[in-house]
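Reading the structure
One-letter residues, chain by chain:
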Amino acid sequence: MHTFAHAVAPLALAFAAGTAAAHTPIAADSPDGDLPALVYDARPAIASAAVSGAPWELRRSTLPATFFASGEQAEGDGPADVVFTPDGSTIVIAHRESQNLILWDAATLDFAGEVRLDGFPQALAISPDGSKAVVGSLVTNTVSIVNMQTLVVEATIPVGLNPGAVRVMPSSDLAVVGIAGDSQIAVIDLTTDTVVRTIDDIGYTQLFGVAPETSGVNLQYSKFDVIDDDRVLNVDRFGQRAQFVNVRNGTVNNVAIPSDGSGLSISGDGTAAAISHTGSTRRITMLDTALELVSSALFAPEDLRGDVVLDETGSRGFVVVSNATRSFVVGSGSFGPQLNTASLNGLVRNFDGTRAYGIGFNGPVFNFATGSLLGFSNSTVSTDFGAASPTEDIAVACSTTFGDDLVVSEIDASPRLAAFQLSGPLPEGDRTRTVAVSMDGSIVAGVSILSDTVSIVDAEIGLKSFDARTGQRPSGVGVSPDGSKVVVSNLDSTFATVVDVTSGTSTNVNISRRGSQVEISPDGQFAYIPVVADGDGVWRINLDTNSVQGPRITTGNMGGVGYQYSQSSGIDLSPDGSLLAVAGSFTDNVSLIDTANWVDLGDTLVGDFPSYVAFNPDGTRLAVSNRNDDSVTVLDTTTIPPTTVSTLFVGDQPGELAWADDGRLFVLAFADDAIWIFSPGGTIDDVIGLNNTVVGMHVDDDANRLYVATSTASISLGGAIGFAIEQAGELVAYHLDTYAIAQTTELGSGPAALDVASDGSVAAVAAILDAGTVITGLQEGCNAADIAFPFGIVDLSDVDAFIEAFAVGGAVSDLVPPFGITDLSDVNAFIEAFLAGCP
């Protein structure tokens with residue numbers, strides 16, 4: 001994950017998955033498939049356009065492609081804030097992308113309710129009397145007031161741009177909302193649900209992280225804190241001010257402080273405040289909250305990296321440093337030794353002020369009195385924000401960019417993990433990243449990497465069958481030739497998951513960590529799964545017994561190789577299943593495995609950073625795309641070890657590969673948005689340029705088609721945008737002989753991956769931002785009439801779909817000239833196509 005910090009008002013940034021701005025891999029290459037954490041101070045950048053509604057509203061189209069959602073309502077997508085109710089009985093999580101509040105019983109962790117909201121909920125607070133929740137939402141720039149007894153939204157109040165922080169005063173009569181985009185505070189009277197005061201010139205910071213693997217986003221705004229029933233304290237990082245704000249009369253006292261003020265903590269008794277300064281300032285500024293002035297400065301032995309927390313009286317505290325935490329004593333200005341906590345994203349005080357909880361991967365728990373580390377309560381998933389119970393030693397934290405997760409920790413003298421689960425109720429289906437289609441197109445499996453699920457769709461009848469659990473961070477997926485089993489590899493678990501499609505049951509088969517992809521033998525007996533950490537190699541799973549057969553075969557060094565979603569080093573199975581090729585990206589070689597005898601046939605050096613491999617239709621040639629030197633190595637696999645036949649030079653960052661039966665080779669040049677086509681002799685036959693990022697391609701010789709899926713999915717952050725999702729996708733069919741476009745299908749979603757049935761009947765893409773799969777039929781001769789499931793059969797469902805499309809216009813109903821106008825000539829064309837039926 002990349003973490004950025006910037007002043008809010010003058011800046012907007014856009015991060016795209018599948019746009020020109022995203023061609024250079026965002027994440028560094030990783031030999032173990034880990035996701036790096038880098039820190040930037042972001043300055044002015046260009047924003048992409050904001051969208052006018054939720055992504056699922058934009059997704060819907062009238063074209064012959066059908067979306068199938070993974071998971072079920074109520075979803076918990078994109079957690080943005082978490083709090084306890086004042087009595088400690090309920091955990092409440094605001095979810096930005098699913099636009100809701102999800103409630104959990106704090107004692108039992110039973111699902112306790114959902115509140116649907118407008119906009120993208122970003123900040124949450126509950127009144128001290130427990131009667132109301134106050135939620136600031138981006139995009140709509142509103143504040144929702146929720147009755148906590150009825151779970152009904154009783155008011156939606158327009159405010160300024162990007163309401164990113166919310167607090168409620170101790171008397172429960174006023175809500176204080178940080179309007180980050182307008183540098184304001186809005187004060188809302190909770191008895192009348194109206195804005196009674198706006199206070200200007202308030203400085204905020206926007207912090208965000210983007211996971212290139214999933215386009216997952218952690219977006220946080222700096223938050224002021226409550227001193228007493230009249231005042232809040234805000235840190236203006238870039239204005240070098242501590243701002244004492246009286247929310248009842250609107251006055252602001254600006255106190256000068258050094259640069260890069262970041263973390264803020266007010267002591268439990270409200271008498272003191274601490275501000276940590278990140279970077280080389282190496283300082284904690286102490287404030288007297290009664291006098292509203294700087295009382296002292298504490299100088300740390302190294303650079304500070306984040307949050308700070310004070311105890312009940314303001315005499316002791318803890319502060320985050322690089323990959324560690326230090327205690328400090330305010331009176332003496334002394335700092336304790338580094339406590340080995342790893343990096344933290346925040347610190348919170350427990351209910352009685354005796355301990356502190358660290359928000360991050362390990363979930364450390366500290367003792368204020370001794371300045372010591374008591375132990376760890378997580379070590380399961382890295383979390384981004386959290387809260388401590390107001391009544392007992394329980395803390396909660398949420399992860400965002402690599403999983404929509406909820407961690408519940410016991411933070412007493414013997415810390416431990418109490419629960420680890422998704423932030424929304426099962427079944428979830430978040431960030432569908434990969435997809436696989438059975439040979440006959442009857443079964444489609446979509447893997448959701450954030451919710452650890454695989455969704456199975458019966459494409460013959462057009463219904464989702466069920467959602468099955470996988471391991472953590474599921475990655476690759478394959479469907480057995482007969483469609484009876486779905487196999488999923490898991491990056492963060494030490495097992496693969498085999499799903500029985502008929503019974504809906506799952507079996508976990510132990511392998512090792514970082515399973516990245518899946519290949520299944522033509523006879524359906526074996527699944528092959530590469531692992532890219534703890535000893536790179538390939539495991540063989542017998543699908544008849546759901547057990548490993550044979551040892552792990554050691555290969556070259558694989559890992560995360562970049563491209564649009566941090567893909568892993570490629571593997572490919574020969575058409576007859578006898579050979580398995582593995583790209584050793586970090587050792588510049590290709591390993592070849594004899595699958596029958598389960599032995600390594602040796603490694604062959606190729607170009608710089610081999611990423612993808614692909615056998616030709618008769619298995620005698622293997623193409624290898626070398627990302628860093630823009631070349632493709634073609635190997636003769638009839639010799640052992642394979643010998644180089646030719647080296648082809650292509651556009652920037654060659655990736656996915658595909659062969660035609662006649663020996664033509666298709667190479668995706670990822671950074672050029674182009675497909676290079678080579679003749680059987682190795683000369684350039686043509687180059688197909690595309691306007692959008694290619695996420696997958698497939699050659700169907702029988703249909704004389706090259707299918708290409710493109711994406712323009714993007715997430716925009718900051719400035720006048722706040723938060724927006726914009727996406728589109730197409731499946732384009734090209735004639736194999738002329739390379740002219742034969743057909744374009746609007747997908748309505750920005751896809752992350754493409755798979756096509758071997759018999760050419762259907763294609764499916766993973767709709768990553770919409771969390772689901774989009775499936776479309778490929779029977780071109782009857783598409784004018786066959787526009788609804790079941791594809792391949794023209795029936796009354798197609799008539800219903802056409803009537804709906806005709807009513808709103810669009811490509812489905814605009815069948816004949818004049819294009820751009822749907823009229824009776826299109827109705828006549830549809831009737832003619834309907835009567836002709838479908839082969």
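Residues numbered from 1 in each chain as written. Predicted model: local features only at pLDDT ≥ 70, side-chain atom pairs only at ≥ 80, totals over all residues. Heavy atoms only, no water.

**Some details on the pairing of strand S70 (residues 729–735)**
Among the 7 residues in S70, 5 count as buried, and that is most of the element. Here strand S67 (residues 705–711) runs beside S70; their pairing, made up of 7 bridges, is antiparallel. Its bridge partner lying in S70, Arg 705 is registered against His 735. As paired elements, S70 and strand S71 (residues 741–746) share 5 bridges and run antiparallel to each other. By the bridge assignment, Ala 733 is partnered in S71 with Gln 743. Once S70 ends, the chain turns through 5 residues before running back antiparallel as S71, passing Tyr 739 with a positive phi of about 65°. (Buried < 20%, exposed > 50% of the residue type's maximum accessible area, 1.4 Å probe, protein only. Helix = DSSP H or I, 4+ residues; strand = E, 2+ residues; numbered from the N terminus. Pairing = 2+ DSSP bridges.)

**Considering the sheet that holds strand S57 (residues 599–605)**
Overall, antiparallel pairing links the 4 strands, which are arranged S54-S55-S56-S57 in an open sheet. Among the strands making up the open sheet, the edge pair consists of strand S54 (571–573) and S57. Taken over all neighbouring pairs, the strand axes of this sheet differ in orientation by 20° on average, direction set aside. As paired elements, strand S55 (residues 579–584) and strand S56 (residues 589–594) share 6 bridges and run antiparallel to each other. Bridge assignment links Ala 583 to a residue of S56, and that residue is Val 590. (Axes fitted to C-alpha atoms, helices over the stretch in contact; angles between N-to-C directions.)

**A few points about the side chain of Asn 100**
Tracing the sequence through the fold places Asn 100 in strand S7 (residues 100–105). You can call Asn 100 buried: its relative accessible area is 0%. In terms of polar contacts, Asn 100 uses its side chain to reach the side chain of Ser 98, at 2.9 Å. Once you skip the residues sitting within four places of it in the chain, Asn 100 turns out to touch Glu 75, Ile 93, Ala 94, His 95, Glu 114, Val 115, Arg 116, Leu 117 and Pro 121. (Polar contact = N/O pair within 3.5 Å; in protein donor to acceptor, adjacent residues only side chain to side chain. Contact = heavy atoms within 4.5 Å.)

**Some remarks on the pairing of strand S64 (residues 674–678)**
The buried count for S64 comes to 5 of 5 residues, which makes it a mostly enclosed element. Residues of S64 alternate between two faces, with Ala 674, Trp 676 and Phe 678 on one and Ile 675 and Ile 677 on the opposite face, all of them buried. Summarising the sheet, strand S63 (residues 665–669) and S64 pair through 5 bridges and their orientation is antiparallel. Looking across to S64, one finds that Leu 668 is bridged to Ile 675. The antiparallel hairpin formed by S63 and S64 contains 4 residues in its connecting segment, where Asp 673 sits at a positive phi of about 50°. Strand direction decides the pairing type here: S64 and strand S65 (residues 684–689), joined by 5 bridges, are antiparallel. Opposite Ala 674, over in S65, you have Gly 689 as the bridge partner.

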